[in-house]
Amino acid sequence: QVQVVESGGGLVQAGGSLRLSCAASGSIFNINIMGWYRQAPGKQRESVATITSDGSANYAGSVRGRFTISRDSAKNTVYLRMNSLKPEDTAVYYCSADILRDLYDRRLYWGQGTQVTVSS
């Protein structure tokens, strides 16, 4: 069994900051890419930021310079620091993790999502 659990969402005023955390637990051999995605009402889920096992990060253009993704591989945890938040950042944020349970069992796991609401 593998679980991916997010935390840290909430309500914040425009210009404020939040930090999201996501921890993977269970029978894990290795984790490749971890990432954050978001889905606003009426819109498709979109990639926000991803980070490889060696720490290489990629960002969506809309968040580059404001958001920072990081990970603690020893804790199987990924973080998303969000600064200068805008109302258009309002969405449910989902964590994903490309997990190997063993050499032959590789799957993409998703968390349940955490709501981020930015008021104007």
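Since the structure is predicted, the reported quantities are computational estimates derived from the model, not experimental observations.

A. Representation of the overall build of the protein chain. A count of helices and strands for the protein chain gives zero helices and 11 strands. Its C-alpha atoms give the protein chain a radius of gyration of 14 Å, within 12% of the compact-globule value 14 Å for 120 residues. Considering only C-alpha atoms, the protein chain reaches an extent of 45 × 25 × 20 Å along its principal axes. Relative to its 120 residues, the protein chain shows a buried fraction of 41%. Taking all contacts inside the protein chain whose residues are at least 6 apart in sequence as the whole, residues at least 24 apart take part in 55%.

B. Highlighting the nonpolar core. Counting residues in hydrophobic clusters, the biggest one holds 30 residues, and the most contacted among them are Trp 36, Leu 80, Met 82 and Tyr 93. Broken down by secondary-structure element, the contributors of at least two residues to this core are strand S1 (2–7), strand S3 (18–26), strand S4 (30–39), strand S5 (46–51), strand S7 (67–72), strand S8 (77–82), strand S9 (91–102) and strand S11 (114–119). Looking at this core, the element that brings in the most residues is S9, giving five residues. The residues touching Leu 80, leaving out its near neighbours within four places in the chain, are Leu 18, Arg 19, Leu 20, Trp 36, Val 48, Ala 49, Phe 67, Thr 68, Ile 69 and Tyr 93.

C. Geometry of the sheet that holds S8. Read from one edge to the other, the open sheet built from four strands follows the order S1-S3-S8-S7, with strand pairing classed as antiparallel. Each edge of the open sheet is held by one strand with a lone partner, namely S1 and S7. Neighbouring strand axes in the sheet, compared pairwise and without regard to direction, differ in orientation by 15 degrees on average. Bridging between S7 and S8 involves six bridges; their strand directions are antiparallel. Paired with Thr 68 across the bridge in S8 is Arg 81.

D. Region of interest: the pairing of S9. Of all 12 residues making up S9, nine are buried, and the element is well covered by its neighbours. The pairing of S4 with S9 spans eight bridges and is antiparallel. Paired with Gln 39 across the strands is Val 92, a residue of S9. In the sheet, S9 pairs with S11 via three bridges, with the strands oriented antiparallel. Bridging from a neighbouring strand, Val 92 pairs with Gln 115 of S11. The sheet contact formed by S9 and strand S10 (residues 105–110) spans six bridges and is antiparallel. Opposite Leu 100, over in S10, you have Arg 106 as the bridge partner. The hairpin formed by S9 and S10 contains two residues between the paired strands.

The rules behind the values
Residues numbered from 1 in each chain as written. Predicted model: local features only at pLDDT ≥ 70, side-chain atom pairs only at ≥ 80, totals over all residues. Heavy atoms only, no water. Helix = DSSP H or I, 4+ residues; strand = E, 2+ residues; numbered from the N terminus. Rg over C-alpha atoms; globule rule 2.2 N^0.38 Å. Buried < 20%, exposed > 50% of the residue type's maximum accessible area, 1.4 Å probe, protein only. Contact = heavy atoms within 4.5 Å. Core = buried A, V, L, I, M, F, W, Y, C linked by side-chain atoms within 4.5 Å. Pairing = 2+ DSSP bridges. Axes fitted to C-alpha atoms, helices over the stretch in contact; angles between N-to-C directions.

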